[in-house]
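# Close look at the chain arrangement
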Amino acid sequence: MHAGGKYCGPRHCSFYIIAFLICQLFFLVIFIRNDDASSANELLSFMNESEESDHLDWRVFISHTPETSEDFYQYNIHLSNALGLIRKLPVTRHHSCTTRNSILPAPLEANVSVVISFHNEARSMLLRTIVSLLSRSPEDYLHELILVDDGSQRDVTLLDDLKRWMGGVFGSRYRLGLTFLRNQERMGLIWSRNRGASLASGRYVLFLDSHCEVNEGWLEPLLERLALNTNLAVSPLLDPIDPTTLSYRKGNELLKGGFDWSLHFHWLKRQLTNQESLEMPYQSPAFAGGVLMMSREWFLKLGSFNPYLKIWGGESIELAIKLWLCGGQIEIVPCSRIGHIFRRRHAFDFPPQSDRQLSPAQETYLHNSKIIAESWLDEYKNMFYALRPAARRIPLDHTYDELQRMRKERRCHPFEWYLRHVSPELRMHFDELSATGTLRNEDRCVHARQKDSQPILASCYLSDITQWSMLRQSGQLSTHRELCLAVGFGMRIALEPCGRNETVRRSQRWVRLGTHLLHAESHLCLDNPLKDRLEMSTCRSHAVSQSFQFALEMEG
Ligand code: UD2
Ligand code: MN
């Protein structure tokens, strides 16, 4: 061997060997990373091959969709039918998510049962949800799929057809367990998801809506987090799919899940600390909506979704509160992406309820919120009732003994702890207020309709009667729509967007003198002399027309 010649010396040799090994490693990584994609392709080509036989052709399956109005589904059903079973999705997660390898436990210790409850879902949409799941999840980790048809009305053969179709297409190729359930009567998604979870046998349970598309590599980052902490529950980051164009967009990593004192879900902004980057999992006061995954055992120990909640709404907020209070945690994992169609309106009716002042949807949601308030909010439930007075009239037909027992047994924290440690936003909102709720003068309440309009006096029992918040620091009197009561030119009372700076605020600042509301700038008092219209006039200490009471006064 001579130096610089064709043959390698020991140093050169080791260089070639290392280079060779690096290349091998590179191919190995490519191979592993492409494995998912090739199984998706395999699946697709197999499905295309099966077009030969009519009963396995997905186009035939979809063509039996009995209802094709967009109104019915609240999304573009024609486009959905035309899109096919699976499509390429944009990579919406951070590039570092794609290049790093997840450290996963063995499949047997980390397999997942997916529960999907659906009511009146279009065949093509449901199928795309399922096929995206099957083709973009590592096979060994996907244990079973539990589908619950929650009493769909028009397409009564959907479940049977699906069973036949999936049995034919996937039967021999996948070890996946398949369970098909149908509620003869509509039971609502909360009941149905609980039923699915009670039959599941995987280590983890994932709840998914029936109009989702999971994106490449969605499962591994979730499994990796759950393996580190048995009491953790996770949400993927939801990428919005437009209901009209079905275009798939990137979800926002700077948002976390939360709720307000009316127990309505809200996205909350978060700030990255110096140690954090966009793609890192982050803690969240509530889930990113209802798509969540956690240990099945832990879910059952916590009493599942509260079984008294009806039909739709609030179940993931209830689960979030009890998780945090009873020793769990919630994280949103941005490296895991799932697309979801955010519809503009409900695509289904709510069963008729008893209160004629509320729509069935409003009453159902309020009923569920009242259960959450009564179960978990302790003395803070007064805050909820102040903002949602109609909830007082909703009857609840169960006791809280079982839940109280669970709270005691698991040594769950009081709600105060949640405010202190989990949701500073909610606490801040509470600490900021000196009074809140309806603003009453005699038997009428001040009602704000829209920006630039005059507030009016209306029945205190209107379902959407305005809830006011008197802010301690700024003296602003704001509605839940962030409009503030202001006195402008010519002593005219109006609603303006709440100002943040001093000059704007001056016209919006009020001082409370007993039950009087004194406008700081003009030194005049809010008055209702004619019982139907607000005016500003000179303060008179005993004038009933100048006495305004909030539903809830805060202490201190
Ligand atoms: C949001 C959540 C959902 C759930 C719900 C409140 C996301 C992405 N979705 O739903 O998971 O937490 O709020 O409860 O955050 N369904 C039934 N039976 C019914 C009504 C609905 O099975 O009686 C199904 C429906 O087909 C869908 C799922 O439940 O698959 C959620 O309903 P949705 O998609 O209409 O409501 P959405 O997205 O606002
Ligand atoms: Mn949905």
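Note that the structure is predicted; figures quoted are calculated from it, not measured. Residue positions are counted from 1 within each chain, in the order its sequence is given. Labels follow written order: the first chain is A, the first ligand is 1, and so on. Note on the predicted model: pLDDT of at least 70 is required for a residue's local features to be given, and 80 or more for side-chain atom pairs to be given and counted; whole-chain, interface and lining totals, by contrast, use all residues. Side-chain measures were taken over the full set of non-hydrogen atoms in the model, leaving aside hydrogen atoms and water.

### Looking at the site of ligand 1
Near ligand 1 there are 22 residues, and of these Ser117, Asp150, Arg186, Ser210 and Glu315 occur at the shortest range. For this analysis, a polar contact is any N or O atom pair within 3.5 Å, provided that within protein one partner can donate a hydrogen and the other can accept it, and provided that sequence-adjacent residues contribute only side-chain to side-chain pairs. At 2.7 Å from an oxygen atom of ligand 1 is found a side-chain nitrogen or oxygen belonging to arginine 186. Taking histidine 211, its side chain carries an N or O atom lying 2.9 Å from an oxygen atom of ligand 1. A 1.4 Å probe and the Shrake-Rupley method give the accessible areas. Residues count as covered only by the protein chains that appear here. Against a free-state accessible area of 740 Å², the protein chains account for coverage of 90% of ligand 1. Secondary structure elements follow DSSP: runs of H or I no shorter than four residues count as helices, runs of E no shorter than two count as strands, and numbering proceeds from the N terminus. Contributions of two or more residues to the shell around ligand 1 are made by strand E1 (112-118) and helix H8 (189-199). Residue classes follow a fixed rule: Ala, Val, Leu, Ile, Met, Phe, Trp, Tyr, Cys and Pro count as nonpolar, while Asp, Glu, Lys and Arg count as charged, and any other residue, Gly among them, counts as polar. Of the residues that constitute the shell around ligand 1, the class distribution is seven nonpolar, nine polar and six charged. Working definition: residue near molecule or strand if any one of its non-hydrogen atoms lies within 4 Å of it.

### Topic: the environment of serine 478
Among the secondary structure elements, serine 478 is positioned in strand E16 (residues 477-479). Residue exposure (1.4 Å probe, protein chains only): buried if accessible area is under 20% of the type maximum, exposed if over 50%, otherwise partly exposed. According to the relative accessible area criterion, serine 478 is buried, its value standing at 10%. Note on definitions: a residue-residue contact is assigned when non-hydrogen atoms from the two residues lie within 4.5 Å. When sequence neighbours within four positions are dropped, the list of residues in contact with serine 478 reads Gln467, Trp468, Ser469, Leu483, Cys484 and Cys498.

### Things to note about the state of the cysteines
Think of a disulfide as a covalent bridge from one cysteine sulfur atom to another cysteine sulfur atom. Note on terminology: pairs of cysteine sulfur atoms within 2.5 Å are recorded as disulfides. Under the defined criterion, the tally for this structure stands at five disulfides. With its sulfur 2.2 Å from that of its partner, cysteine 484 forms a disulfide with cysteine 498. Between cysteine 484 and cysteine 498 the disulfide shows an S-S torsion of about 100°. By sign, it is right-handed. Separated by 14 residues along the polypeptide, cysteine 484 in strand E17 (residues 483-487) and cysteine 498 in the loop between strand E18 (493-497) and helix H17 (502-506) bring together distant segments of the chain. One exposure class covers both cysteine 484 and cysteine 498, and it is buried. Shown here is the disulfide that connects cysteine 525 with cysteine 539, its sulfur atoms set 2.1 Å apart. Between cysteine 525 and cysteine 539 the sulfur-sulfur dihedral comes to about 95°; the bridge is accordingly right-handed. Here cysteine 525, found in strand E21 (residues 525-527), pairs with cysteine 539, found in the loop between strand E22 (535-537) and strand E23 (549-553); they are 14 residues apart in sequence, far enough to count as distant.

### Here we look at the coordination of the manganese ion (ligand 2)
The donor set comprises N, O and S atoms within 2.8 Å of the metal, extended to 3.2 Å for Na, K and Ca; water molecules are omitted, so apparent gaps in a site may simply reflect that omission. Distances from the manganese ion (ligand 2) to its protein donors, Asp209 (OD), His211 (NE2) and His340 (NE2), fall at 2.2 Å. In the primary structure, the donors to the manganese ion (ligand 2) are separated according to the pattern D-x1-H-x128-H. Placement of the pair is histidine 211 in the loop between strand E4 (204-208) and strand E5 (212-214) and histidine 340 in strand E11 (residues 329-341), with a sequence separation of 129 residues. Taking the relative accessible area as the measure of exposure, histidine 211 reaches 5% and is therefore buried. By relative accessible area, which is 9% here, histidine 340 ends up buried.

### Looking at the packing of aromatic side chains
Each pair of aromatic rings is reported with the distance of its centres and the angle of its planes. Aromatic pairing here means that ring centres of Phe, Tyr or Trp (its six-membered ring) are within 6.5 Å. Orientation follows from the plane angle: under 30 degrees is stacked, over 60 is edge-to-face, and everything else is tilted. Applying the stated criterion across every chain, the model contains 18 aromatic pairs. Taken together, a centroid distance of 6.2 Å and an interplanar angle of 75° make the contact between tryptophan 261 and phenylalanine 415 edge-to-face. Of this pair, tryptophan 261 sits in the loop between strand E7 (255-259) and strand E8 (265-269) while phenylalanine 415 sits in helix H15 (residues 415-421), and the two are 154 residues apart along the sequence. Taken as a pair, tryptophan 261 and phenylalanine 415 share a single burial class, namely buried. Ring-pair connections join several aromatic residues into one group, and the members of that group are Phe259, Trp261, Tyr380, Phe415, Tyr418 and Phe430. Residue placement shows arginine 123 over the ring face of phenylalanine 61; its charged tip is 4.7 Å from the ring centre. One Lys or Arg, arginine 270, reaches over the ring of tyrosine 282 and ends 3.4 Å from the middle of that ring. A positively charged side chain is recorded as over a ring if its NZ (Lys) or CZ (Arg) lies within 6 Å of the ring centre. The angle to the ring normal must also be within 35 degrees.

### Concerning the confidence of the model for the chain
Confidence of the predictor at the level of single residues is captured by pLDDT, which takes values from 0 to 100. This prediction gives the chain a mean pLDDT of 88; 89% of its residues lie at or above 70. Note that residues 1-10 has pLDDT below 50 and, in this model, five contacts with residues that lie over four places away or in other chains. Overall fold confidence for the complex sits at a pTM of 0.85, while the interface term, ipTM, reaches 0.99.

### Digging into the nonpolar core
Counting residues in hydrophobic clusters, the biggest one holds 62 residues, and the most contacted among them are Met294, Ile321, Leu323, Trp376, Leu377 and Phe415. The element contributing the most residues to this core is helix H11 (residues 315-325), with seven residues. When sequence neighbours within four positions are dropped, the list of residues in contact with isoleucine 321 reads Phe259, Ile372, Trp376, Leu377, Phe415 and Tyr418. Residues enter a nonpolar core if they are buried and are Ala, Val, Leu, Ile, Met, Phe, Trp, Tyr or Cys, with the set joined through side-chain atoms within 4.5 Å.

### Considerations on the side chain of arginine 270
With respect to the element layout, arginine 270 can be found in the loop between E8 and strand E9 (282-283). Within the structure, the side chain of arginine 270 is placed 2.8 Å from the backbone oxygen of glutamate 253, a separation counted as a polar contact. Not counting residues up to four positions away in its chain, the partners in contact with arginine 270 are Glu253, Leu254, Leu255, Lys256, Glu276, Leu278 and Tyr282.

### A word on the pairing of E17
Extensive coverage of E17 is indicated by the burial of five of its five residues. Side chains Leu483, Leu485 and Val487 of E17 all project onto a buried face; the interleaved residues Cys484 and Ala486 project onto the opposite face, where all are buried too. Should DSSP find at least two bridges between two strands, the strands are regarded as paired. Where E17 meets E18, five bridges bridge the pair, whose relative direction is antiparallel. Bridge pairing in E18 links alanine 486 to alanine 494.

### Examining the pairing of strand E13 (residues 444-447)
Pairing of strand E12 (residues 433-441) with E13 involves two bridges; the strand directions are antiparallel. By the bridge assignment for E13, asparagine 441 is matched with arginine 444. Pairing analysis gives four bridges linking E13 to strand E14 (residues 456-459), with the strands arranged antiparallel. Within the sheet, the bridge partner assigned to arginine 444 lies in E14 and is serine 459.

### Section: the side chain of asparagine 215
Structurally, the position occupied by asparagine 215 is in the loop between E5 and helix H9 (219-228). Other than its neighbours up to four places away in sequence, asparagine 215 contacts Leu89, Pro90, Thr92, Arg136, Asp239, Tyr248, Arg337 and Ile338.

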